[in-house]
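These are the residues of each chain, in order.
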Amino acid sequence: MEGDCLSCIKYLMFVFNFLIFLGGSFLLGVGVWVLVDPTGFREIIAANPLLFTGVYVILGLGGMLFLLGFLGCCGAIRENKCLLLFFFMLILLIFLAELAAAILAFIFREHLTREYFTKELKRHYQGYNNTDVFTSTWNAIMTTFDCCGVNSPEDFKDSLFRLITPNHAVPEACCLRASQAGDMASFSKEECLTGSMMFRNNKGCYSAVVDYFELYIYVAGALAIVVLTIELFAMVFAMCLFRGIQ
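What counts and what doesn't
- Residues numbered from 1 in each chain as written.
- Predicted model: local features only at pLDDT ≥ 70, side-chain atom pairs only at ≥ 80, totals over all residues.
- Heavy atoms only, no water.
- UniProt positions renumbered as here; feature names shortened; annotations may be inferred.
- Helix = DSSP H or I, 4+ residues; strand = E, 2+ residues; numbered from the N terminus.
- Buried < 20%, exposed > 50% of the residue type's maximum accessible area, 1.4 Å probe, protein only.
- Lys, Arg positive; Asp, Glu negative; His and termini not counted.
- Salt bridge = Lys/Arg side-chain N within 4 Å of Asp/Glu carboxyl O.
- Polar contact = N/O pair within 3.5 Å; in protein donor to acceptor, adjacent residues only side chain to side chain.
- Contact = heavy atoms within 4.5 Å.
- Core = buried A, V, L, I, M, F, W, Y, C linked by side-chain atoms within 4.5 Å.
- Disulfide = S-S within 2.5 Å.
- Patch = residues over 30% accessible without salt bridge, like charges linked within 9 Å, V, L, I, M, F, W, Y side chains within 5 Å.
- Areas by Shrake-Rupley, 256 points an atom, 1.4 Å probe, with all protein chains shown as cover.
- pLDDT = per-residue confidence, 0-100.
- Phe/Tyr/Trp six-rings, centres within 6.5 Å; stacked < 30°, edge-to-face > 60°.
- Expected span 1.5 Å × (residues − 1).
- Axes fitted to C-alpha atoms, helices over the stretch in contact; angles between N-to-C directions.
- Parallel < 35°, antiparallel > 145°, perpendicular 65-115°, else oblique.
- Left-handed = near helix turned anticlockwise from the far one by under 90°.
- Nonpolar A, V, L, I, M, F, W, Y, C, P; charged D, E, K, R; others polar.

Novice: Explain the UniProt feature "transmembrane region" (unreviewed entry) in the protein chain here, please?
Specialist: Here the UniProt-annotated "transmembrane region" (unreviewed entry) positions come out as residues 12–36, 56–77, 84–108 and 216–242. What you have in residues 56–77 is 100% helix and 0% strand, and the ends, taken at the C-alpha atoms, are 31 Å apart.

Novice: In this structure, what is going on with the side chain of Arg 200? I would like to understand it.
Specialist: Along the chain, the position of Arg 200 falls in the loop between α9 (189–193) and α10 (205–244). Among buried charged residues, Arg 200 stands out as having no salt bridge; its nearest opposite-charge side chain is Glu 154, 4.1 Å away. There is a polar contact of 2.7 Å between the side chain of Arg 200 and the side chain of Asn 202. For Arg 200, the residues in contact, after removing those within four places along its chain, are Pro 153, Glu 154, Val 170, Cys 174, Cys 175, Leu 176, Cys 192 and Gly 195.

Novice: Hey, could you run me through the nonpolar core in this one?
Specialist: Buried together is how nonpolar side chains tend to be arranged in soluble globular proteins. Core analysis: the biggest nonpolar cluster contains 20 residues, and Tyr 125, Trp 138, Met 142, Cys 147 and Phe 156 have the highest contact counts within it. Elements represented by at least two residues in this core include exactly α6 (133–144), α9 and α10. Top contributing element to this core by residue count: α6, with three residues. Non-local contacts of Cys 147, meaning those with residues more than four positions away in its chain, are made with Ile 141, Met 142, Ala 173, Cys 174, Asn 201, Lys 203, Gly 204, Cys 205 and Ala 208. Listed in part, the 17 residues of the second largest apolar core include Met 13, Phe 88, Phe 95 and Met 235.

Novice: Is there a simple way to think about the state of the cysteines in this case?
Specialist: Disulfide: a covalent bond connecting the sulfur atoms of a pair of cysteines. Counted according to the given criterion, the structure contains three disulfides. Between the sulfur atoms of Cys 147 and its disulfide mate Cys 205 the distance is 2.0 Å. Taking the sign of the S-S torsion, about 90 degrees here, the bridge from Cys 147 to Cys 205 comes out right-handed. In this pair, Cys 147 sits in the loop between α6 and α7 (160–164) while Cys 205 sits in helix α10, placing the two residues 58 residues apart along the sequence. With relative accessibility at 3%, the residue Cys 205 sits in the buried group. The side chain of Cys 148 participates in a disulfide bridge whose partner is Cys 174; the two sulfur atoms lie 2.0 Å from each other. One disulfide, between Cys 148 and Cys 174, carries an S-S torsion of 85 degrees and so falls in the right-handed class. Of this pair, Cys 148 sits in the loop between α6 and α7 while Cys 174 sits in the loop between α7 and α8 (178–181), and the two are 26 residues apart along the sequence.

Novice: What am I meant to see in a nonpolar patch on the surface here?
Specialist: Taken together, the side chains of Leu 96, Leu 99, Ile 103, Leu 104, Phe 106 and Ile 107 present a nonpolar region at the surface, about 570 Å² in accessible area. Looking at the element boundaries, Leu 96 is found in helix α4 (residues 81–107).

Novice: Explain the confidence of the model for the protein chain here, please?
Specialist: The pLDDT averaged across the protein chain works out to 77; a share of 80% of its residues lies at or above 70. Across the protein chain, α7 holds the top mean pLDDT of 91, while helix α2 (residues 41–46) sits lowest at 51.

Novice: Looking at this structure, how should I read the packing of aromatic side chains?
Specialist: The geometry of an aromatic ring pair is captured by two quantities: the separation of the ring centres and the angle between the planes. Tallying each qualifying case throughout the model produces eight aromatic pairs. Ring geometry for Phe 21 and Phe 66: centres 4.7 Å apart, planes at 35 degrees, overall tilted. Of the two residues, Phe 21 is situated in helix α1 (residues 2–36) and Phe 66 in helix α3 (residues 49–78); the sequence distance between them amounts to 45 residues. With relative accessibility at 32%, the residue Phe 66 sits in the partly exposed group. Look at Phe 117 and Tyr 206: their rings are 6.3 Å apart centre to centre, the planes differ by 55 degrees, and that puts the pair in the tilted class. Placement of the pair is Phe 117 in helix α5 (residues 114–124) and Tyr 206 in helix α10, with a sequence separation of 89 residues. A network of ring pairs unites the aromatic residues Tyr 125, Tyr 128, Phe 156 and Phe 161 as a single cluster.

Novice: Teacher, can you tell me more about α6 here?
Specialist: Given 3.6 residues per helical turn, the α-helix brings residues three or four places apart onto the same face. Look at α6: 16 Å from first C-alpha to last across 12 residues, which is about the 16 Å you get at 1.5 Å a residue. Immediately beyond the C-terminal end of α6, within one or two residues, lies Asp 146, with a positive phi of roughly 50 degrees.

Novice: Which parts of the structure should I look at to understand the packing of α5 against α6?
Specialist: When two helices pack together, their arrangement is given by the angle between the helix axes and by the axis-to-axis distance. At a minimum axis separation of 10 Å, α5 and α6 run at an interaxial angle of 120 degrees. One way to sum up the angle between α5 and α6 is to call them oblique. In the packing of α5 onto α6, the handedness of the crossing is left-handed. For the pair α5 and α6, contact is made by Glu 120, Leu 121 and His 124 and by Phe 134, Thr 135 and Trp 138, respectively. The residue makeup of the contact of α5 with α6, split by class, is three nonpolar, two polar and one charged.

Here you go:
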């Protein structure tokens, strides 16, 4: 009976980790395809720092899942105690890192308020200095989500940006792009930069980002709970198999 139970755990672990292995392989494939794609998709992604960073996140996550699934499959099917122990330690490390991230997110949740982002934008945003990480990130956000400032373009009043470029009311990232301007024959970037509401995005980025990610936040939360649960079961299965191997 004990042997049947051990055999069941062994094959459950193999199937579970084979699915993880396939998922990691898929993510690696997507990431590599984007980086080497000859059709020009890479250039579209590269034009947006946020999306380009996401490609490397996908590659990192895919590589981690690929290794995790491979170790789990080999450890289970070969009943290798060394691989099973390494698999357990890797899962435990990932589990603790995710737990630490959740705790830190809870502790620093007050830093995700409108007031905090507005204060930081006023103090650090430089407008056209793309070598500054804070500035380039905000430019990417405003361009991606067609928004301006945290609450509205008024956030740039009394800001570092206005001290550096006193002749511009808003940065260029706030201006409507050609595709947005449509049939506006009189579209003028100069008028946008000097404060014309007709030629700029007037929605704040805080609302734009929250609206865009609202559904994904709930989905991500549910997935996080599912992943943590699976990881707990994976550690239990690995230890049961490890202790059952003679």
